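Examining the three-dimensional arrangement
Chain by chain, the residues:
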Amino acid sequence: MGAPQTTTPSDSPWDDPRWFRQVAADVTAMLLRLYGAHQLDVVEDAVQDAFVAAVRTWPHGGVPDNAAGWLLTTARNRLRDGWRRDQRALESDASTLAPERATAELSDLTPLGDDQVQLLFACCHPALSPESRVALTLKTVAQLSVEEIARALHADPRAIAQRLVRAKKSLRDARAEWRMPEPADLPARLEDVLSVCYAMFSEGHSATEGAVVVRTDLCQEAIRLLERLATWPGTATPETHALLALCCFAAARVPARRDELWIALADQDRSRWDRGLIRRGLRAFDRAAQGDHLSRYHVEAEIAALHSLAPSYAETPWDAIVSAYDRLLHIAPTRAAALSRALAIAEAGRVDDAWTALDALQGDDGGEWVNWLVARAELAERRGDIPTARASVTRALSLSLPEPSRRYLLQREQQLTTHPSDP
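This text gives an overview of the structure that appears in the document. (Residues numbered from 1 in each chain as written. Predicted model: local features only at pLDDT ≥ 70, side-chain atom pairs only at ≥ 80, totals over all residues. Heavy atoms only, no water.)

1. Structural notes on the packing of aromatic side chains
Given two aromatic rings, one states the distance between the centres and the angle between the planes to describe the pair. For the structure on display, the rule yields six aromatic pairs. With 5.7 Å between their ring centres and 85 degrees between their planes, Y198 and Y297 make a pair best called edge-to-face. With Y198 in helix α9 (residues 186-205) and Y297 in helix α13 (residues 296-309), the pair connects residues that are 99 residues apart, well separated along the chain. The class for Y198 is buried, based on a relative accessible area of 16%. (Phe/Tyr/Trp six-rings, centres within 6.5 Å; stacked < 30°, edge-to-face > 60°. Helix = DSSP H or I, 4+ residues; strand = E, 2+ residues; numbered from the N terminus. Buried < 20%, exposed > 50% of the residue type's maximum accessible area, 1.4 Å probe, protein only.)

2. Comments concerning the pattern of salt bridges
Across all of its chains, the model carries 18 salt bridges by this definition. In this structure, D352 and R383 form a salt bridge, with 3.5 Å as the shortest nitrogen-oxygen distance. With D352 in helix α16 (residues 351-359) and R383 in the loop between α17 (370-382) and α18 (386-397), the pair connects residues that are 31 residues apart, well separated along the chain. Between R382 and E378 there is a salt bridge; the shortest N-O distance is 3.0 Å. With R382 and E378 both in helix α17 and four residues apart, the pair spans about one turn of that helix. Linked through salt bridges whose partners overlap, the residues forming this network are E347, E378, E381, R382 and R412. (Salt bridge = Lys/Arg side-chain N within 4 Å of Asp/Glu carboxyl O.)

3. Examining empty space enclosed by the protein
Within this structure, the stated rule accounts for one cavity of 30 Å³ or more. In this structure, the largest cavity encloses a volume near 60 Å³. Together, R18, R21, Q22, V141, A142, D217, L218 and E221 line the largest cavity. Contributions of two or more residues to the lining of the largest cavity are made by α1 (17-35) and α10 (216-229). Residue composition of the lining of the largest cavity, grouped by class: three nonpolar, one polar and four charged. (1 Å grid on protein atoms, 1.4 Å probe; cavity = no way out; pocket = protein on both sides within 12 Å on 5 of 7 lines; lining within 4 Å. Points joined across faces, edges and corners; volume = space filled by probe spheres on them. Nonpolar A, V, L, I, M, F, W, Y, C, P; charged D, E, K, R; others polar.)

4. Here we look at the nonpolar core
Among the nonpolar cores identified, the biggest contains 88 residues, and L31, L229 and L243 are the most heavily contacted of them. Counting residues per element, this core draws most heavily on helix α11 (residues 238-252), which supplies 11 residues. Residues in contact with L31, not counting those within four places in the same chain, are V43, V47, L72, A75 and L79. Membership of the second largest hydrophobic core comes to 38 residues, among which are L328, A338, I345 and L409. (Core = buried A, V, L, I, M, F, W, Y, C linked by side-chain atoms within 4.5 Å. Contact = heavy atoms within 4.5 Å.)

5. Observations regarding the packing of α9 against α13
Packing of α9 against α13 leaves a shortest axis separation of 13 Å and a crossing angle of 30 degrees. One finds that α9 runs roughly parallel with respect to α13. Between α9 and α13, the contacting residues are L194, S195 and Y198 on the first element and R296, Y297 and E300 on the second. Residue classes in the contact of α9 with α13 are distributed as three nonpolar, one polar and two charged. (Axes fitted to C-alpha atoms, helices over the stretch in contact; angles between N-to-C directions. Parallel < 35°, antiparallel > 145°, perpendicular 65-115°, else oblique.)

6. Considerations on the state of the cysteines
Using the criterion set out here, one finds zero disulfides in the structure. In this structure C124 is not part of a disulfide, and its nearest cysteine sulfur, from C123, lies 6.8 Å away. Its relative accessible area of 0% is what places C124 among the buried residues. Cysteine C247 shares no disulfide, and the gap to the nearest cysteine sulfur, in C248, comes to 7.2 Å. (Disulfide = S-S within 2.5 Å.)

7. A look at helix α15 (residues 335-347)
With 13 residues, α15 extends 19 Å from end C-alpha to end C-alpha; this agrees with the ideal 18 Å at 1.5 Å per step. The set of residues buried in α15 consists of A337, A338, L339, A342, A344, I345 and A346. For α15, the elements touching its buried residues are α14 (318-331), α16 and α17. Downstream of α15 by a residue or two, G349 has a phi angle that is positive, lying close to 100 degrees. (Expected span 1.5 Å × (residues − 1).)

Here it is, written out as structure tokens:
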């Protein structure tokens, strides 16, 4: 067997970000399988160099038939060049192959279906802080940029860059091995992996960068990894199935959101929802009910299922959704969940109660929280307070926003400017 036979989908692989991320993660995982997770830093540099070489050579010589194999070999050669310059860069021990042995075995190296799952667990090594595990996995497995990770985690890009540097150093210092955790360590490690998959899906489902609303490639990657986790006996837990169900339900609505303008749930064409994904979500949700522990993923999946199964927006069971948010806030009290609960209360017909709940969430940074401002505008309009609604939208537009959200809010501002109730 030779190197991986993944081929590019076209003569311009750079036009397919999913191909880029998939191959970059695969090549990284295969090299780490040979040299150990503690070599992540130098392996990532070698993979990046390989892609730079491809950018320089492929436009002139054409894309190789086995593009992934070309990148793997080129990255391996970059590693060998580095070792020749500094033999201290890689020291052979019981968990790490010497460069010569790795070179001999590279011809037999083929992708394993679970390589990226192993990569997930390597990035969630106990030597790393929870925050570093999330950032490192988003960088290494999802191949997000530092700026994208910072947006997804609501952090400063410089802090994320420093976090990644520290994480790689911690892996080197711990001489992290490339193997699945021991059974006793698996539950805690799996919790971190699930958090990473959720962050990956959330970034794809509500893209924080660029001119599109949804990054379907990230959503698909998160679901793919969760489905693989759901097939392993040690990781096929109720929580895994619950998160998989949640992501399937949410992803099912993506076809109705593929637009350069953000589309509210009430305005989505439900005939475009992916019924196959909804069925996959229901199967996963059924498996999630087999345990005796209720996680946040269970409750969020329940809320998503209630939306997915409603024949129309008007027929959504809002009282049941409010009750589900009550349970969610008991398990995982976050401002985002409390805001969603307030909006659900309004949809259930209790606008004044919703306004009171929303007002309690303002805090010191309410005027800087875009989602709160948008919700405030919605509820103020329902109460007939058009000046407050318009002021909230104007304030939101003054903040940093993805382009689809900005276009949506500009439309809302125009609607409120010409609102018939405006005195």
